[in-house]
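# Fold and contact review
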Amino acid sequence: MGIRFILMVNKHGQTRLAQYYEYLTIEERRALEGEIVRKCLARNEQQCSFVEHRNYKIVYRRYASLFFLVGVDNDENELAILEFIHLLVETMDRHFGNVCELDIMFHLEKAHFMLEEMVMNGCIVETSKSNILAPIQLMDKAS
């Protein structure tokens, strides 16, 4: 398995979206998120976007007021994960029109649905923005 978890966090450290691809208890998740968020938010922009934490490699990127953090296995390609983060943001931009924290908060189910279309069991399965957004657009038409 490659991806272990995906987090979207605002610049104040509040988790806006969390998707896990391995079992962790609520307490373990809370502790892990707190440690990782503190570590990533404390870094400046001149430092690289890769951090090792416990048995994970954390790849993160900041877009406006949101941090996208992806926890992966140590043997995963960091640049491929950065590209995945960029694809996720571009996909959300296409749907929401310049995605922001409020879009995630008010449309959390759509954000999760996009992730579920892109990642299955920790593996990236879809990279076409059109294919990712097609089911969401169908749901929007039906409602």
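To start, this report covers the structure provided alongside it. (Residues numbered from 1 in each chain as written. Predicted model: local features only at pLDDT ≥ 70, side-chain atom pairs only at ≥ 80, totals over all residues. Heavy atoms only, no water.)

## Overview of the pairing of strand β3 (residues 50-53)
Judged by which residues are buried, β3 turns out to be one-sided: Val-51 and His-53 face inward and are buried, whereas Phe-50 and Glu-52, on the alternate face, are not. Of the pairings in the sheet, the one linking β3 to strand β4 (residues 56-63) comprises four bridges and is antiparallel in character. Looking across to β4, one finds that Val-51 is bridged to Ile-58. (Buried < 20%, exposed > 50% of the residue type's maximum accessible area, 1.4 Å probe, protein only. Helix = DSSP H or I, 4+ residues; strand = E, 2+ residues; numbered from the N terminus. Pairing = 2+ DSSP bridges.)

## Here we look at the packing of aromatic side chains
In the structure shown here, the tally under the stated rule is three aromatic pairs. Ring geometry for Phe-5 and Tyr-56: centres 5.2 Å apart, planes at 80 degrees, overall edge-to-face. Here Tyr-56 lies in strand β4 and Phe-5 lies in strand β1 (residues 3-10), a separation of 51 residues in the sequence. We classify Phe-5 as buried; its relative accessible area is 0%. Owing to a relative accessible area of 7%, Tyr-56 belongs among the buried residues under this scheme. A ring pair is formed by Tyr-63 and Phe-68, whose centres lie 5.8 Å apart and whose planes are at 85 degrees; its orientation type is edge-to-face. Just as Tyr-63 is buried, Phe-68 falls in that class too. (Phe/Tyr/Trp six-rings, centres within 6.5 Å; stacked < 30°, edge-to-face > 60°.)

## A look at the nonpolar core
Core analysis: the largest hydrophobic core is formed by 30 residues, its most contacted members being Ile-3, Ile-6, Phe-68, Phe-84, Ile-85, Met-92 and Ile-104. Secondary-structure elements contributing two or more residues to this core are β1, β4, β5 (66-72), α2 (78-96), α4 (108-118) and α5 (129-142). By residue number, the principal contributor to this core is α2, which donates nine residues. Ile-104 has contacts with Met-8, Arg-16, Leu-17, Leu-66, Met-92, Val-99 and Ala-111, leaving out every residue within four places of it along the chain. (Core = buried A, V, L, I, M, F, W, Y, C linked by side-chain atoms within 4.5 Å. Contact = heavy atoms within 4.5 Å.)

## Thoughts on the layout of surface pockets
By volume, the largest pocket amounts to about 190 Å³. Lining the largest pocket we find Cys-40, Leu-41, Arg-43, Asn-44, Glu-45, Gln-47, Ser-49, Tyr-60, Arg-61, Arg-62 and Phe-67. Secondary structure elements with two or more residues in the lining of the largest pocket: α1 (26-41) and β4. Per element, the largest residue contribution to the lining of the largest pocket is three residues, and it comes from β4. Its residues assigned to classes, the lining of the largest pocket comprises four nonpolar, three polar and four charged. (1 Å grid on protein atoms, 1.4 Å probe; cavity = no way out; pocket = protein on both sides within 12 Å on 5 of 7 lines; lining within 4 Å. Points joined across faces, edges and corners; volume = space filled by probe spheres on them. Nonpolar A, V, L, I, M, F, W, Y, C, P; charged D, E, K, R; others polar.)

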